[in-house]
Amino acid sequence: MIEPRSTARARDFSGIYTTLSNWFEIALPGAGRLRAMEGVRGVSVILVFFVHYVGLTKSLLPEDTLTEWSGKALALLGNRGVDLFFILSGFLIYGTLIRKAHDYRKFMARRVERIYPTFLVVLAIYLVLSFAVPSESKLPSDLTAAALLLLANILLLPGIFDIEAIITVAWSLSYEFFFYLTVPALVAILGLRRWTPRSRIVLQVVTIIATVWVSAYVKAPHLRMVYFVAGMMVFELVELKALTRVTSAALDVATIGLFVASLVAVGARWLNGAFALGATLIAFMLLCVVSFRGYGVTYRWLTVSPLRWLGNMSYSYYLIHGLSLKALFFPMTSMLQRTGENAPVFWALLLPAFLSTLVPSAVLFLLVEKRWSLAAPVAKPATVTS
């Protein structure tokens, strides 16, 4: 009997889905699985991609046009992707520490295991390319200065300190590691596990408001650390089951609308400084709290499998995608210069450029990050689900 073509296609799709699921589904140790958080990570890396794409194709943007405005807006809102990562880190790390006491050495050993294998592999790739393509190297010609810069990068100092990052995006890792180093001490010294959840929320609200207020008057360094505090507050609100009784679709519409509106407002420069900080904090926190409930439109959109798989390999993607884009556009430099201002080319290259970043990111994830930093994959799904 000849198998119907539609049945054969469905079987092939099921096989592809199962294979991809086996590759990109993960289970993190010590934390209940939040499928929506995987999707939020996926959104974050898509935003970050815009920054580097626009940076490499800005020569195509015609001056004083809608395309130029859109390109600059994409670059600005793309910077918010890192802030969303900070909120998720605050949520996860603080939640782990609040639930129970941890041996500090084991806690930090786990953080090192999570960050360093993938980071060191990518750093090694950058170093090899620094010698292979000297014109793109960030290493000083002086051997001592180069060694000191390399050491500073290995210690994750760029970002918190005014030191150049060899891996451009690695500045954010210094923020992450500083948070890992300090939050266990903060929880222990203040005895936060003995506080009531509402008391901890009050402390977090005061910290966030004070930070936003300071940012309105002072260009203080490292203000983006407040997003970690926002993540801590998200944990408390999720634990208190905030908004779980609200089942209205209007809440999902408002959540998605506020998230998009905050990004547009920041990208369009309608909001700046403290207003931009405050708007993104509220929008990102609401997105997390509403989606982490485990139901609703926001949850369903954020748990679409491809978006979650992208989120699961987000760390590998974050570290390698800039280099992937550089490799794509480096041989095209002269062509782009000859093309000059060309809006259709800018938009036409957007999707192919994004797709080109997925392959090296997936390879890095499967060969390094998943193998050396993450837990074993979750059980294979028996059937294809929507």
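Residues numbered from 1 in each chain as written. Predicted model: local features only at pLDDT ≥ 70, side-chain atom pairs only at ≥ 80, totals over all residues. Heavy atoms only, no water.

1. Re the overall build of the protein
So, point 1. Across its full length, the protein holds 17 helices and zero strands.
So, point 2. Principal-axis analysis of the C-alpha atoms gives the protein an extent of 75 × 65 × 45 Å.
So, point 3. Out of the 386 residues belonging to the protein, those deemed buried represent 47%.
So, point 4. Long-range contacts, defined as pairs at least 24 residues apart, comprise 81% of the intrachain contacts of the protein with a sequence gap of at least 6.
So, point 5. Of the roughly 19,400 Å² of accessible surface on the protein, a fraction of 68% belongs to carbon and sulfur atoms.
So, point 6. With 34 positive and 20 negative side-chain charges, the protein shows a spacing of 10 Å between the two charge centroids. (Helix = DSSP H or I, 4+ residues; strand = E, 2+ residues; numbered from the N terminus. Buried < 20%, exposed > 50% of the residue type's maximum accessible area, 1.4 Å probe, protein only. Contact = heavy atoms within 4.5 Å. Areas by Shrake-Rupley, 256 points an atom, 1.4 Å probe, with all protein chains shown as cover. Lys, Arg positive; Asp, Glu negative; His and termini not counted. Charge placed at Lys NZ, Arg CZ, Asp CG, Glu CD.)

2. With respect to unusual backbone geometry
So, point 1. One non-glycine residue, D64, lies in the positive phi region at around 55 degrees.
So, point 2. Note that D64 resides in the loop between α2 (35-57) and α3 (66-78).
So, point 3. Residue classification places D64 among the exposed residues on the basis of a relative accessible area of 74%.
So, point 4. Positive phi, normally seen in glycine, also occurs at R269, with a value near 65 degrees.
So, point 5. Within the element layout of this structure, R269 appears in the loop between α10 (249-267) and α11 (273-291).
So, point 6. Note on R269: relative accessible area 56%, which makes it exposed.

3. Some thoughts on helix α13 (residues 305-312)
So, point 1. Along α13, seven of the eight residues are buried, which leaves the element largely enclosed by surrounding structure.
So, point 2. Within the sequence span of α13, burial applies to S305, L307, R308, W309, L310, G311 and N312.

4. Examining the confidence of the model for the protein
So, point 1. On average, residues of the protein score 89 in pLDDT, and 90% of them are at 70 or above.
So, point 2. Here helix α15 (residues 333-339) is the element of the protein with the lowest mean pLDDT, 67, and helix α6 (residues 143-154) is the one with the highest, 97.
So, point 3. Throughout residues 376-386 the model reports pLDDT below 50, and contacts reaching past four residues in sequence, or to other chains, amount to 16 contacts. (pLDDT = per-residue confidence, 0-100.)

5. A word on the packing of aromatic side chains
So, point 1. For the structure on display, the rule yields 24 aromatic pairs.
So, point 2. Centre to centre, the rings of F49 and F354 are 5.2 Å apart; their planes meet at 75 degrees, and the pair counts as edge-to-face. Remark: F354 occurs in helix α17 (residues 350-372) and F49 occurs in helix α2; sequence separation between them is 305 residues. For the pair shown, F49 and F354 are each scored as buried.
So, point 3. Measuring from ring centre to ring centre gives 5.9 Å for Y116 and F119, while their planes differ by 85 degrees; the resulting arrangement is edge-to-face. Residue Y116 and its partner F119 are both found in helix α5 (residues 104-132); the two are separated by three residues, about one turn of the helix. Just as Y116 is buried, F119 falls in that class too. (Phe/Tyr/Trp six-rings, centres within 6.5 Å; stacked < 30°, edge-to-face > 60°.)

6. What to know about helix α14 (residues 314-329)
So, point 1. Taking 1.5 Å per residue, 16 residues should reach 22 Å; α14 reaches 22 Å between its end C-alpha atoms and fits that length.
So, point 2. Burial of α14 is extensive: 13 of the 16 residues sit out of reach of the surface. (Expected span 1.5 Å × (residues − 1).)

7. A look at the nonpolar core
So, point 1. Among the nonpolar cores identified, the biggest contains 104 residues, and F49, F119, I167, F292 and L319 are the most heavily contacted of them.
So, point 2. Considering each element in turn, this core owes the most residues, 12 residues, to helix α4 (residues 80-99).
So, point 3. Excluding anything up to four places from it in sequence, F49 contacts Y317, H321, L325, L350, A353, F354 and T357. (Core = buried A, V, L, I, M, F, W, Y, C linked by side-chain atoms within 4.5 Å.)

8. With respect to the environment of L47
So, point 1. Take L47: it is sitting in helix α2.
So, point 2. On the basis of relative accessible area, L47 is assigned to the buried category, the value being 6%.
So, point 3. Linking L47 and V202, residues 155 residues apart in sequence, is a C-alpha distance of 31 Å.
So, point 4. With near-sequence residues (within four places) excluded, L47 lies in contact with L77, G78, G81 and L263.

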